[in-house]
Amino acid sequence: MADSTGIGVFDSSVAAGNGIYCYTTSNALMFNTNGSERMRLDSSGNLGIGTAPSYKLHVSGGNVLVERTTQTSQITIRNSGGDLAFARDNSTGSSYGVA
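Report follows, based on the coordinates. The written sequence of each chain sets the order in which its residues are numbered from 1. The predicted origin of the model limits local features to residues at a pLDDT of at least 70 and limits the giving and counting of side-chain atom pairs to 80 or more, whereas totals for whole chains, interfaces and linings rest on all residues. By convention in this description, side-chain values take in all heavy atoms of the structure and omit both hydrogens and water.

To qualify as a helix, a DSSP run of H or I must reach at least 4 residues; to qualify as a strand, a run of E must reach at least 2; elements of each kind are numbered from the N terminus. Its place among the elements puts Gly19 in strand 2 (residues 19-23). Through-space distance from the C-alpha of Gly19 to that of Met30 is 8.3 Å; in sequence the pair is 11 residues apart.

With that out of the way, let us pick up the side chain of Asp42. Mapped onto the elements, Asp42 comes out in the loop between strand 4 (36-41) and strand 5 (47-49). The charged side chain of Asp42 is buried without a salt bridge, its nearest counter-charge being Lys56 at 6.5 Å. Any N or O atom pair separated by 3.5 Å or less is treated as a polar contact, with the protein-specific requirement of one donor-capable and one acceptor-capable atom, and with residues adjacent in sequence counted only for side-chain atom pairs. Among the polar contacts made by the side chain of Asp42, one reaches the main-chain amide nitrogen of Asn46 at a distance of 2.9 Å. Other than its neighbours up to four places away in sequence, Asp42 contacts Asn27, Ala28 and Pro53. Three labels apply to residues, based on accessible area from a 1.4 Å probe with only protein chains included: buried if under 20% of the type maximum, exposed if over 50%, partly exposed otherwise in between. Lys and Arg are tallied as positive, Asp and Glu as negative. Neither His nor the chain termini are counted. By definition, a salt bridge exists where a carboxyl oxygen of Asp or Glu is found within 4 Å of a side-chain nitrogen of Lys or Arg. Whether two residues are in contact is decided by their heavy atoms: any pair within 4.5 Å suffices.

In structure tokens:
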């Protein structure tokens, strides 16, 4: 970690690298486990999981699961030009994408 000024909540050994750190230089909130940074919320409100964020939600190094227990699940990506939706209807087994 490049920052050294801030506050933190961590286990009895800072060197172990387990804890939550808020650094004043980068204005970031970082979550560490097993000596490695796992998640970071930066001063722009961007959240990075497995990476320093470049987007509002930036996930790197693994799969992402969005789970819902109802019959139809949907993920919608929205911008000013319209929506892009991916859905699955568990009652029929149908999956589709709609732009």
